[in-house]
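Fold and contact review
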Amino acid sequence: TQLLEQSPQFLSIQEGENLTVYCNSSSVFSSLQWYRQEPGEGPVLLVTVVTGGEVKKLKRLTFQFGDARKDSSLHITAAQPGDTGLYLCAGRSSNTGKLIFGQGTTLQVKP
Amino acid sequence: KAGVTQTPRYLIKTRGQQVTLSCSPISGHRSVSWYQQTPGQGLQFLFEYFSETQRNKGNFPGRFSGRQFSNSRSEMNVSTLELGDSALYLCASSGSGGGTDTQYFGPGTRLTVL
């Protein structure tokens, strides 16, 4: 069974601080996605990374896919209260094509 | 373009009952996937339908079933409800459902089993 472990599970920081969320697995994924989910809504896709070592930037968010395509990280620079939410990583299984989600990281950014 | 819609948004049932949830994908999308989200287990894949055929299935008991209609709308059914079935059920649609295809999630149906 392919698993994705996200850490930390909870993060409470002050506005302006930097943070990194990690997503790790012992399995290789053909692609990895990051989503953000707000209360009462479904997850919204932030980015998809496909190539090992790939780095993508979305304003203050930087996403990296590990060289071996087994892990990924999300770094937020100068976090703002609007960044508050549940961040989910999801890997596309090379074998089954299923999308496997990590447990999620709940981020709270205090003003 | 309208997003993914799910009905109903909230549902309360008792143990042993059955329930049907509905999902209308974005117009033109042919793939619909269903997920169960709970605080303990996170988001877990239930099944995926493409052009009225189940293309992929997660590790859930046979009480969980689904179908897709010719207009791509999908329903999922849970029979003989258990307390542990209380969860947010999310539906996601995409054009083809493969590879890096973007999935668009609906707001979910919150099911509470008493």
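In what follows, the accompanying structure is described.

What counts, and at which threshold
- Residues numbered from 1 in each chain as written.
- Chains lettered and ligands numbered in written order.
- Predicted model: local features only at pLDDT ≥ 70, side-chain atom pairs only at ≥ 80, totals over all residues.
- Heavy atoms only, no water.
- Contact = heavy atoms within 4.5 Å.
- Buried area = accessible area lost by both parts, 1.4 Å probe.
- Salt bridge = Lys/Arg side-chain N within 4 Å of Asp/Glu carboxyl O.
- Polar contact = N/O pair within 3.5 Å; in protein donor to acceptor, adjacent residues only side chain to side chain.
- Helix = DSSP H or I, 4+ residues; strand = E, 2+ residues; numbered from the N terminus.
- Nonpolar A, V, L, I, M, F, W, Y, C, P; charged D, E, K, R; others polar.
- Buried < 20%, exposed > 50% of the residue type's maximum accessible area, 1.4 Å probe, protein only.

1. Side note on the interface of chain B and chain A
As a measure of interface size, the accessible area lost when the parts come together is often cited. Listed as interface residues are 22 residues of chain B and, on the opposing side, 20 residues of chain A. Between chain B and chain A, a total of about 1500 Å² is buried, with carbon and sulfur atoms accounting for 47% of that surface. The interface formed by chain B and chain A includes zero salt bridges. On the surface where chain B and chain A come into contact, there are seven residue pairs in polar contact (both at pLDDT 80 or more). Those elements that provide at least two residues to the side of chain B that touches chain A are strand S4 (31-38), strand S5 (42-50), strand S6 (53-57) and strand S9 (87-94) of chain B. Here the side of chain B that touches chain A takes three residues from S5(B), the largest share from any one element. Split into classes, the residues belonging to the side of chain B that touches chain A amount to seven nonpolar, 12 polar and three charged.

2. Details of the pattern of salt bridges
Residues and elements named next belong to chain B. Taken as a whole and assessed by the stated rule, the structure comprises eight salt bridges over all chains. The partner of Arg63 in a salt bridge is Asp85, and the shortest N-O contact between them spans 2.8 Å. Of this pair, Arg63 sits in the loop between S6 and strand S7 (64-68) while Asp85 sits in the loop between strand S8 (74-78) and S9, and the two are 22 residues apart along the sequence. Given the relative accessible area of 4%, Asp85 is considered buried. The partner of Glu75 in a salt bridge is Arg73, with the nearest N and O atoms 3.4 Å apart.

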